[in-house]
Amino acid sequence: MRLFLLTLTLLATLTGCASKSYVKFVDNSISNYIEVDKVNERTRADGFKEIEIVGENDTKYYKQFRYRVTWEDKDGFEVPSVSSKWRTFSAQKNAKFRINVIAPSKEAVVYQLYIDKLND
Amino acid sequence: MNTIKTTLLTATTALLLLSGCADKVERIDMNNDKGAQVIGLDYRDFDQAAAEATQSLLKSPALTKKDGSRVILAISTVTNDTMQHIDTDQLIKKIRIELLNSGKVLVTTAVGSNTDSMNKDARALKNDADFDQSTVQKKGTLIAPEMSLSGKIVQRNINMGNGKQQVEYYFMLSLTDIKTGLALWEGESVIGKRGSGKSVAW
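Residues numbered from 1 in each chain as written. Chains lettered and ligands numbered in written order. Predicted model: local features only at pLDDT ≥ 70, side-chain atom pairs only at ≥ 80, totals over all residues.

K.L.:
Outline the overall build of chain B, listing residues and values.
P.N.:
Counting secondary structure elements, chain B contains four helices and five strands. Shown N-terminal to C-terminal, the secondary structure of chain B runs as helices and strands in the order α-α-β-α-β-α-β-β-β. Across the 202 residues in chain B, those meeting the buried criterion constitute 21%. Restricting to contacts in chain B with at least 6 residues of sequence separation, those with at least 24 account for 71%. (Helix = DSSP H or I, 4+ residues; strand = E, 2+ residues; numbered from the N terminus. Buried ≥ 20, exposed ≤ 12 C-beta atoms within 10 Å, placed from the backbone. Contact = placed C-beta atoms within 7 Å.)

K.L.:
For the nonpolar core, give the residues involved together with the corresponding values.
P.N.:
Ranked by internal contacts, the top residues of the largest apolar core, which has 39 residues, are Trp 71 of chain A together with Ala 50 and Leu 91 of chain B. When sequence neighbours within four positions are dropped, the list of residues in contact with Leu 91 of chain B reads Phe 46, Ala 49, Ala 50 and Phe 171 of chain B. (Core = buried A, V, L, I, M, F, W, Y, C linked by C-beta atoms within 7 Å.)

K.L.:
Break down the sheet that holds strand E3 (residues 147-159) of chain B for me, citing the residues and quoting the values.
P.N.:
Residue and element names in this part refer to chain B. An order of E2-E1-E3-E4-E5 is seen for the five strands of this open sheet, with the pairing classed as mixed. Both outer strands of the open sheet, strand E2 (105-108) and strand E5 (182-196), are each paired with one neighbouring strand and no more. Each strand of the sheet is rotated relative to its neighbour by a mean of 25 degrees, with strand direction disregarded. Note that strand E4 (residues 164-177) and E5 share 14 bridges and pair antiparallel. In the sheet register, Tyr 170 faces E5, and the bridge partner there is Val 190. Strands in contact with helix H2 (residues 43-59) are E4 and E5; relative to E5, the strand with the most contacts, it is inclined by about 155 degrees. Packing of helix H3 (residues 89-102) onto the sheet brings it into contact with strand E1 (71-81), E2 and E4, and relative to E2 it is tilted by some 135 degrees. (Pairing = 2+ DSSP bridges. Axes fitted to C-alpha atoms, helices over the stretch in contact; angles between N-to-C directions.)

K.L.:
Outline the interface of chain A and chain B, supporting the account with residue identities and numerical values.
P.N.:
At the interface, 13 residues of chain A touch 16 residues of chain B. Tallied by class, the residues present in the side of chain A that touches chain B amount to six nonpolar, three polar and four charged. (Nonpolar A, V, L, I, M, F, W, Y, C, P; charged D, E, K, R; others polar.)

K.L.:
Account for unusual backbone geometry, with residues named and values stated.
P.N.:
A positive phi angle is found at Asn 94 of chain A, which is not glycine, with a value near 50 degrees. Note on placement: Asn 94 of chain A falls in the loop between strand E6 (87-91) and strand E7 (95-102). Note on Asn 94 of chain A: 12 C-beta atoms within 10 Å, which makes it exposed. Not every positive phi belongs to a glycine, and Asn 114 of chain B is a case in point at roughly 55 degrees. You can see Asn 114 of chain B is positioned in the loop between E2 and helix H4 (118-121).

K.L.:
Give a detailed account of the sheet that holds strand E3 (residues 49-57) of chain A, specifying residues and quantitative values.
P.N.:
Residues and elements named next belong to chain A. In spatial order, the strands read E2-E3-E7; together these three strands make up an open sheet with antiparallel pairing. Either end of the sheet is taken by a strand with one partner, and the two such strands are strand E2 (34-43) and E7. On average, each strand axis in the sheet is inclined to that of its neighbour by 15 degrees, with strand direction left out of account. Direction of pairing for E3 relative to E7: antiparallel, over a ladder of eight bridges.

Here it is as structure tokens:
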């Protein structure tokens, strides 16, 4: 029983507790206007992670939103960056949009990208 | 009785003047500022320009050396060509911090703008008997820069004719390879604002 608990704890430490990268709408109403089709990720030759969010505005309205990205190292510690502050982006009507962000350092390997309404 | 009344009235008036009537001061939430835009440049504009510049610099191959070592960067002249009293360090410092933290760059404070005078002052201690000479920096230890970051912030005011004005701010930066004199990277961020012609953009 003790061995089982130890194994479980070890597994939780190694896998379950590790932070994961994700893209999140802060407000559900955003999904009325845009959707995220895919998230491209790559590690460049210089070791920096690069992400690109590809989405689409299916409506007939030009919309502006804001986004911010937070980065973590492999141990789950935050890697500070100027890109962690809110920035605006445009989603043209009936068109795709892209958000491209490069990690602030080689150590930044996990990201959380938040999309929010421009004026809350 | 009249003395008491007068004293009370004076005290109340003084209290009102000192506290109740004072304008309320709020601290800005720098991470989620929903305050109205101003026609001049504020910290949000510098944040945006710095974020765009650093993202563009990190994406460019200009700062990647084949052996993986860091680029030694000097900060050259960044001109404020706006009507505002701006310390261009408001922009450059953010870029310097981000580039330093990226692990790709080391910034020299021995030459360029914003030099640290201690680089020279500490070397002037040679032959000063008050100092242990073995702790004084030797000749030839300063590292010369390989690249230089320079730029300009430009303001353009346009009268829109209906009592409104448009103000455009251009943040223009260049990264130069000092060995060859070639610009390896160029970046430009534009921030435009429209407001009342009565607003003052300086």
